[in-house]
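Report on the structure
The primary structure of each chain is shown beneath.
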Amino acid sequence: MEKRGIDISYHQGDIDFNKLKGNIDFAMVRTSYGHFTIDSKYKEYVKGLESVGIPYGFYHFSYATTIQEAKEEANGFINIIKNYKPLYPVAIDVESSSITEDVRADDLVDIVKTFCQMVEDAGYYVCIYANLSYLNGKLNSDKLNDYDKWLAQWSSAPTYKKPFGMWQYSSKGSIKGINGNVDLDIAYKDYPAIIKASNLNNYVNQNDGETAESEINYVVKKGDTLSEIAEKYNTTYQTLANYNNISNPNLIYPGQIIRIPNGNIKPTTYVVKKGDTLSEIAEKYGISWRSLYNKNKNVIGNNPNLIKPGQILII
């Protein structure tokens, strides 16, 4: 699955959103930069995108050089996006500038980690935007492996070796409705489905990730196969492929939502939502919190009282 998108800031000026409709699948909107300046066009852009039904995400261009500045930027960003329901990720934009170019790699990693952790803890699907050089260099740290990446590499094909969900492949694109150049992007994940199923980005799924009568949702994890998922739910991979319009049953990807056509089957996984506690989740499924923790210690970590929105727990 690939979706075509753009990312925009006040540099794009006035946009004719009616002309954008049908030409892109999503847009990433800059809300702010530094600590703390608001993009003068973001509200206008969001209103325009919503008026034509184009889903969007947000990003903040960081100038943080210390942990404290990262916290200030994260708080400002959260204060802006709390008023919206973006169906695409919310990102920290990490680039070299005259302000940040001399920040040491280990310090920059901690700065980005602080920002991402705060935004994630607030209930958002957060990702990191950076160019190939930064992702392979200053930001190449295991501390950041848990966060989705938005790769900036202006080339015919991406060469980044680690997982990433979006690719900005050009800075000189041309789109109807925008005068001048615009950044072009591809999204490889079904972000709207992931975000809705996980109750992130200010979305509240009234069905708690499953429909009342006919189906439940399964979030694909790394290493999953359609056959294994089908076996868990006492069905066949052919049934799941047909039900989900999957043309190649051998090609599924982490984060993909697989709809299971049987509401009576208990799900084998649970996507953590904002406000959840391990005890409440355990009670919901009739098991002890300790049993649930032991099954998911590799996901949760050493503190059972600290679970994060978007984590996928095995029941």
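A brief structural summary. Just so we're clear, the structure is a prediction, and the values are computed from it rather than from any experiment. (Residues numbered from 1 in each chain as written. Predicted model: local features only at pLDDT ≥ 70, side-chain atom pairs only at ≥ 80, totals over all residues. Heavy atoms only, no water.)

Overall, the coordinates contain 15 aromatic pairs when judged by the stated rule. Pairing Tyr129 with Trp150 gives two aromatic rings, centres 4.7 Å apart and planes at 70 degrees, and the pair type is edge-to-face. You can see Tyr129 sitting in strand S6 (residues 126-131) and its partner Trp150 sitting in strand S7 (residues 148-152), a full 21 residues away along the chain. Pair check on accessibility: Tyr129 and Trp150 agree, each one buried. Ring pairs connect the aromatic residues Phe26, Tyr88, Tyr125 and Tyr191, which therefore count as one cluster. Sitting above the plane of the Tyr203 ring, Lys85 keeps its charged end 5.6 Å from the centroid. (Phe/Tyr/Trp six-rings, centres within 6.5 Å; stacked < 30°, edge-to-face > 60°. Helix = DSSP H or I, 4+ residues; strand = E, 2+ residues; numbered from the N terminus. Buried < 20%, exposed > 50% of the residue type's maximum accessible area, 1.4 Å probe, protein only. Lys NZ or Arg CZ within 6 Å of the ring centre and 35° of its normal.)

Let's shift gears to the nonpolar core. Membership of the largest hydrophobic core comes to 55 residues, with the highest contact counts inside it found for Ile6, Leu20, Phe58, Val112, Val119, Ile128 and Leu139. Examining the composition of this core, we find that seven residues originate from one element, helix H4 (residues 105-121), more than from any other. Formed by 17 residues, the second largest nonpolar core is a distinct cluster that contains Ala91, Met166, Ala187 and Tyr191. (Core = buried A, V, L, I, M, F, W, Y, C linked by side-chain atoms within 4.5 Å.)

Overall, the coordinates contain ten salt bridges when judged by the stated rule. Where Asp276 meets Lys273, a salt bridge forms, and the shortest distance between an N and an O atom there is 3.9 Å. Members of the salt-bridge network, linked through shared partners, are Asp14, Lys41 and Glu44. (Salt bridge = Lys/Arg side-chain N within 4 Å of Asp/Glu carboxyl O.)

A few words now on the side chain of Asp7. On the secondary structure map, Asp7 appears in strand S1 (residues 3-8). The buried charged residue Asp7 lacks any salt bridge partner; its closest oppositely charged side chain belongs to Arg30, at an N-O distance of 9.0 Å. Among the polar contacts listed, one links the side chain of Asp7 to the side chain of Gln168, at a separation of 3.0 Å. In this view, Asp7 contacts Gln12, Met28, Tyr59, Trp150, Gln168, Val182, Asp183 and Asp185; residues no more than four positions away in its chain are not counted. (Lys, Arg positive; Asp, Glu negative; His and termini not counted. Polar contact = N/O pair within 3.5 Å; in protein donor to acceptor, adjacent residues only side chain to side chain. Contact = heavy atoms within 4.5 Å.)

Everything listed here is a matter of coordinates, which is why it stays silent on function.
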